[in-house]
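Residues per chain are reported as follows:
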Amino acid sequence: MNPVRLLVVDDDPPIADLVATVARYEGWEAVTAYSGEEALTRAAAFRPDIVVLDLMLPGVDGFGVLDRLRAAGMSVPVVFLTARDGVADRVAGLTRGGDDYLVKPFAVEELMARLRTVLRRSLGPGGPRSVLRVADLTMDEDTREVRRGDRLLALTPTEYDVLRCLLRKSPAVLTKAQILDDVWQYGFGGRSNVVELVVSRLRRKLEATDGGAVPLIHTVRGVGYVARRAAE
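This structure is a prediction, so every number in the text was calculated from the model and none was measured.

> Even after reading the chapter, I still don't get the packing of aromatic side chains, so can you show me in this structure?
Any aromatic ring pair is given by two values, namely how distant the centres are and how the planes are angled relative to each other. This structure, assessed with the given rule, holds two aromatic pairs. For the pair Phe63 and Phe80, a centre-to-centre distance of 5.7 Å together with 75 degrees between the ring planes defines the contact as edge-to-face. You can see Phe63 sitting in helix α3 (residues 62-71) and its partner Phe80 sitting in strand β4 (residues 78-82), a full 17 residues away along the chain. Here Phe80 and Tyr101 contribute two aromatic rings whose centre-to-centre distance is 6.0 Å and whose plane-to-plane angle is 50 degrees, an arrangement assigned as tilted. Here the residue Phe80 occupies a position in strand β4, and Tyr101 occupies one in strand β5 (residues 100-103), the gap between them amounting to 21 residues. Here the two residues Phe80 and Tyr101 agree in accessibility, since each one is buried. In this structure an aromatic cluster arises from ring pairing among Phe63, Phe80 and Tyr101.

Quick look at the structure:
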């Protein structure tokens, strides 16, 4: 399957670049545009599968970009990402042909989840799925199924979230503090041992085969944990 092509349009380069970087990390192709005119030029050349579009753009605003895309015959789904949180703006964005509307500040994970949902609606059952892989371990983020080879793993919600954090960042090494911040998202009173406990349970479940499966979660002494084929 060809990678999803994403066009990110925002006049704040750090935001546009962040969204594009996260999308590339998921295996998508992503390009950015920082103005309405640039967005139209990029769309014509890149032919995106989906667009993230700010409303407040220099020159042609987001509504104008959407109108021109539709006038050019491009039915590409559009997700608005904007600081304008008024009900009238939301209604206008959706009634003029937008597929979703997310207000800043936002969580990148929520944006990616919304993009995948919009793609599934627009492309049907054959649309892209978000599957994370390390060796023979797979995680389907849409169905939340985790498999080691052909074996379906029964994980608790916390185990799932910690494993997803490790798989999303693989092969990077994550500290306990990074995992706490990503999974629990609030101060945990320095109780980093909770990460050790969850990782220990994950290891037992991932390696619970008759012949003994190759370990995929490794401890990097003095740093933290990493998900990869073999410890370096």
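> Looking at this model, I keep getting lost on the nonpolar core. Mind explaining?
Where a protein is soluble and globular, its nonpolar side chains tend to be buried together. One finds Val162, Leu163 and Ile179 to be the most contacted residues of the largest nonpolar core, which totals 28 residues. Elements supplying a minimum of two residues to this core: β6 (131-134), β7 (137-140), α6 (157-169), α7 (176-183), α8 (193-206) and β12 (224-227). With residues near it in sequence (within four places) discarded, Val162 still touches Ile179, Val183, Trp184, Val198, Val199 and Leu202.

> In this structure, what is going on with α8? I would like to understand it.
One full turn of an α-helix is made of 3.6 residues, so residues set three or four places apart face in the same direction. Relative to the 20 Å expected for 14 residues at 1.5 Å per residue, α8 spans 20 Å between its end C-alpha atoms, a close match to the ideal helical length. Those residues of α8 that fall on the buried side of the exposure criterion are Val194, Val195, Val198, Val199, Leu202 and Leu206. Within α8, the buried residues cover an arc of 130 degrees as seen down the axis, which keeps them to one side.

> Explanation requested: the sheet that holds strand β3 (residues 50-53) in the structure shown.
Within a beta sheet, neighbouring strands are joined by backbone hydrogen bonds and run either parallel or antiparallel to one another. Spatially, β2-β1-β3-β4-β5 is the arrangement adopted by the five strands of the open sheet, whose pairing is parallel. Since the sheet does not close on itself, it has two edges, and those belong to β2 (29-33) and β5, each with one partner. The mean inter-strand angle of the sheet, taken between neighbouring strand axes irrespective of direction, is 20 degrees. Summarising the sheet, β4 and β5 pair through four bridges and their orientation is parallel. Paired with Phe80 across the two strands is Tyr101, which belongs to β5. Running over the sheet, α3 touches β3 and β4 and is turned about 170 degrees from β4. Across the sheet, helix α4 (residues 87-95) is in contact with β4 and β5; its angle to β5 comes to roughly 150 degrees.

Cut-offs applied
Residues numbered from 1 in each chain as written. Predicted model: local features only at pLDDT ≥ 70, side-chain atom pairs only at ≥ 80, totals over all residues. Heavy atoms only, no water. Phe/Tyr/Trp six-rings, centres within 6.5 Å; stacked < 30°, edge-to-face > 60°. Helix = DSSP H or I, 4+ residues; strand = E, 2+ residues; numbered from the N terminus. Buried < 20%, exposed > 50% of the residue type's maximum accessible area, 1.4 Å probe, protein only. Core = buried A, V, L, I, M, F, W, Y, C linked by side-chain atoms within 4.5 Å. Contact = heavy atoms within 4.5 Å. Expected span 1.5 Å × (residues − 1). Arc of directions from axis to C-beta. Pairing = 2+ DSSP bridges. Axes fitted to C-alpha atoms, helices over the stretch in contact; angles between N-to-C directions.

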